[in-house]
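Fold and geometry: a report
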Amino acid sequence: MTRKTLLSLAALVIVIGVAALGVIGWMVFQPGPYSFAGGTPVPLADYKASSPTGVPAELASADPATRGAYITSMADCQACHTAPGGKPFAGGRAFVLPFGTIYSPNLTPDPETGIGKWTDAQFLNAVHRGVAPDGSRYYPAFPYPSYTLLTDADVLAIKAHLFSLAPVKQANKPNTFGFPYNQRWLMGIWATLFNPNERFRPVPQQSPDWNRGAYLVEAAGHCAECHTPRNLMQALDQRQKFGGAVAEGWNAYNISSDKVSGVGDWSANELAAYLSTGHARGRGVASGPMGEAVELSLSRLTKSDIGAVVTYLRSVPPVKGGLPAPAGPAPAQPRLTTANNPVGQRVFEGNCASCHAWTGAGAAREEAQLTGVRAVNDPSGANVALMVINGSGPATAHRPYMPGFGKVYSDDEIAAVTNYVTARFGAKASTLSAADIARLRAAN
């Protein structure tokens, strides 16, 4: 090999190395979660207005137990730490990821299988830094990069609430990650790059309502963990903030202020209704993980806190997405699809039309409306298919009952009815196959 060739190879290696460092730097050095707002964040102690942390003003005089329960609801802990049919907070819920399955741990105060022996310092270290009492690292499926913004007082209020629960003896399930993903020490490097380990800093140039909303959305509610896409290193891509992502197989849609793909054309009242009840007229019903977030967290917030969340969300810059504009409201007469889909039509006629109506306007109640709903206007069809498979779960104060048909119909039939619904009532038909339905079942 000639000297010239060696020099050329060396130059190529340098160029590739510089490019790789540039890509990594682009992923690491990105905007903070609410830097879009401008202004100068200050330490909480230097903020002159009322604190945006803790409980809202309505609960300022509440007893510690009530405040702790409220802050735990703010942080939406129960959903992830409760297995289907299991006891609340006892863990065991499976999260299927591309590199294996991770199970949430037991958060009850059982001294052997739960957190009953944890000290305050250990709990703070876990929530803020993702470090377990034995020094091992948690995977960021546990949203400590968002929880790191929580104040010490709020984290310890959550701990006090968890310690007030009845202990449940339930051993934690081992994860199924293979090499190299089973090397937890790598999470120390990841956390160094992507977890700032800093508490929430208010922005004095913004209103108290906005700052409260920022704390609820970015810290306690950790909304970005589901609704913001991730980069190649599985960190949140803040440059595409709230632009939409995938959570447990469900599409967590764009909640930026984009008017087509996001919620920019939603009124404040529509957003407030959706967040607090899981339904906004003509917009659809919260389902899947979002339905759980409403039921176990958002519906328990005060009206002022819901208003603060709405204020903050409406300030997030638009992120252009790839979804089409919804097809529009329900027509007076059924809009017939030209798709040759007799199987989908048969399934819809036999099981769906009686509640949803042939026009898609909803026959039984307005929550059954299909037209104008984002999931029905999503050409991927994923959320529609998952609703057909799983249903809505038991009826609650904030969610009507829809049965699941996953055990009744084959993957071919579920694909067919999903494609039929999106073609008949949506902006663009989905083209799901039986293999796609099988993948959705496995991921959910």
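To be clear, the structure that these remarks concern was listed above.
Overview of the structure. (Residues numbered from 1 in each chain as written. Predicted model: local features only at pLDDT ≥ 70, side-chain atom pairs only at ≥ 80, totals over all residues. Heavy atoms only, no water.)

1. A few points about the overall build of the chain
Helix and strand content of the chain: 17 helices and six strands. Dimensions of the chain, computed from the C-alpha atoms along their principal axes, are close to 80 × 60 × 50 Å. Within the chain, counting contacts between residues at least 6 apart in sequence, those at least 24 apart form 65% of the total. Of the roughly 21,100 Å² of accessible surface on the chain, 60% is carried by carbon and sulfur atoms. Of note, the chain has its 36 positive side-chain charges centred 5 Å away from the centre of its 30 negative side-chain charges. (Helix = DSSP H or I, 4+ residues; strand = E, 2+ residues; numbered from the N terminus. Contact = heavy atoms within 4.5 Å. Areas by Shrake-Rupley, 256 points an atom, 1.4 Å probe, with all protein chains shown as cover. Lys, Arg positive; Asp, Glu negative; His and termini not counted. Charge placed at Lys NZ, Arg CZ, Asp CG, Glu CD.)

2. Here we look at the side chain of D305
Inspection of the secondary structure assignment puts D305 in helix α12 (residues 303-313). Looking at D305, its side chain comes within polar contact range of the side chain of Y70, at 2.6 Å. Sequence-distant contacts of D305, that is, excluding residues within four places in its chain, are made with P56, Y70, R212 and L216. (Polar contact = N/O pair within 3.5 Å; in protein donor to acceptor, adjacent residues only side chain to side chain.)

3. Some remarks on the nonpolar core
Counting 66 residues, the largest nonpolar core has M74, F123, L150, I158, F242 and Y312 as its most contacted members. For this core, the secondary structure elements donating two or more residues are α2 (64-74), α4 (120-129), α5 (144-147), α6 (152-163), α7 (186-194), α8 (208-220), α10 (268-277) and α12. Take this core: its biggest share by element is seven residues, from α8. Ignoring sequence-local partners within four residues, the contact set of F123 consists of I115, W118, V155, I158, K159 and L162. Y253, L370, A385 and A415 belong to the second largest nonpolar core, which has 29 residues in total. (Core = buried A, V, L, I, M, F, W, Y, C linked by side-chain atoms within 4.5 Å. Buried < 20%, exposed > 50% of the residue type's maximum accessible area, 1.4 Å probe, protein only.)

4. Brief notes about the environment of G360
On the secondary structure map, G360 appears in the loop between α14 (353-356) and α15 (382-390). Placed 127 residues apart in sequence, G360 and M233 show a C-alpha to C-alpha distance of 41 Å. If near-sequence neighbours (up to four positions away) are discounted, G360 is found in contact with A330, Q369, L370, T371 and F425.

5. Observations regarding the pattern of salt bridges
Applying the stated rule across the entire model yields 15 salt bridges. With a shortest N-O distance of 2.9 Å, E366 and R281 are connected by a salt bridge. Residue E366 is located in the loop between α14 and α15, and its partner R281 is located in the loop between β5 (279-280) and β6 (284-285); the two are separated by 85 residues in the primary sequence. Across the pair D436 and R439 runs a salt bridge whose closest N-O atoms are separated by 2.3 Å. Note that D436 and R439 are positioned in helix α17 (residues 434-443) at a spacing of three residues, about one turn of the helix. What makes R439 exposed here is its relative accessible area of 53%. Salt bridges sharing partners connect three or more residues here, namely R93, E248 and E292. (Salt bridge = Lys/Arg side-chain N within 4 Å of Asp/Glu carboxyl O.)

6. With respect to the layout of surface pockets
Its volume calculated, the second largest pocket comes out at about 970 Å³. Lining the second largest pocket we find 36 residues, and of these P84, R93, E292, N390 and N444 sit closest to its centre. Listing elements by their share of the lining of the second largest pocket, those giving two or more residues are α3 (77-80), β1 (94-97), α11 (288-296), α15 and α17. Per element, the largest residue contribution to the lining of the second largest pocket is five residues, and it comes from α11. Here the residues of the lining of the second largest pocket are counted per class, giving 17 nonpolar, 12 polar and seven charged. (1 Å grid on protein atoms, 1.4 Å probe; cavity = no way out; pocket = protein on both sides within 12 Å on 5 of 7 lines; lining within 4 Å. Points joined across faces, edges and corners; volume = space filled by probe spheres on them. Nonpolar A, V, L, I, M, F, W, Y, C, P; charged D, E, K, R; others polar.)

7. Focus on the state of the cysteines
By the definition in use, this model includes zero disulfides. You can see C77 has no disulfide; the closest cysteine sulfur is in C80, sitting 8.7 Å from it. You can call C77 buried: its relative accessible area is 9%. Considering cysteine sulfurs only, C352 is the nearest to C355, which forms no disulfide, with 8.7 Å between them. Among the residues examined, C355 registers a relative accessible area of 38% and is labelled partly exposed. (Disulfide = S-S within 2.5 Å.)

8. Points about the packing of aromatic side chains
Tallied over the full model, the rule gives 20 aromatic pairs. Here Y34 and F200 contribute two aromatic rings whose centre-to-centre distance is 5.3 Å and whose plane-to-plane angle is 40 degrees, an arrangement assigned as tilted. In this pair, Y34 sits in the loop between α1 (3-28) and α2 while F200 sits in the loop between α7 and α8, placing the two residues 166 residues apart along the sequence. Each member of the pair, Y34 together with F200, is buried. Pairing Y139 with F177 gives two aromatic rings, centres 4.8 Å apart and planes at 80 degrees, and the pair type is edge-to-face. Of the two residues, Y139 is situated in the loop between α4 and α5 and F177 in the loop between α6 and α7; the sequence distance between them amounts to 38 residues. (Phe/Tyr/Trp six-rings, centres within 6.5 Å; stacked < 30°, edge-to-face > 60°.)

9. Quick notes on unusual backbone geometry
Leave glycine aside and you will find that most residues have negative phi; peptide bonds, for their part, are mostly trans. Cis geometry is adopted by the peptide bond preceding P180, which originates at F179 and carries an omega value of 0 degrees. As for its placement among the helices and strands, P180 is situated in the loop between α6 and α7. Located in the positive-phi region is H222, a residue other than glycine, with phi close to 40 degrees. Inspection of the secondary structure assignment puts H222 in the loop between α8 and α9 (224-227). You will see that F242, though not glycine, has its phi angle at about 60 degrees, which is positive. Looking at where F242 falls in the secondary structure, it is placed in the loop between α9 and β3 (245-247). Its relative accessible area of 0% is what places F242 among the buried residues.

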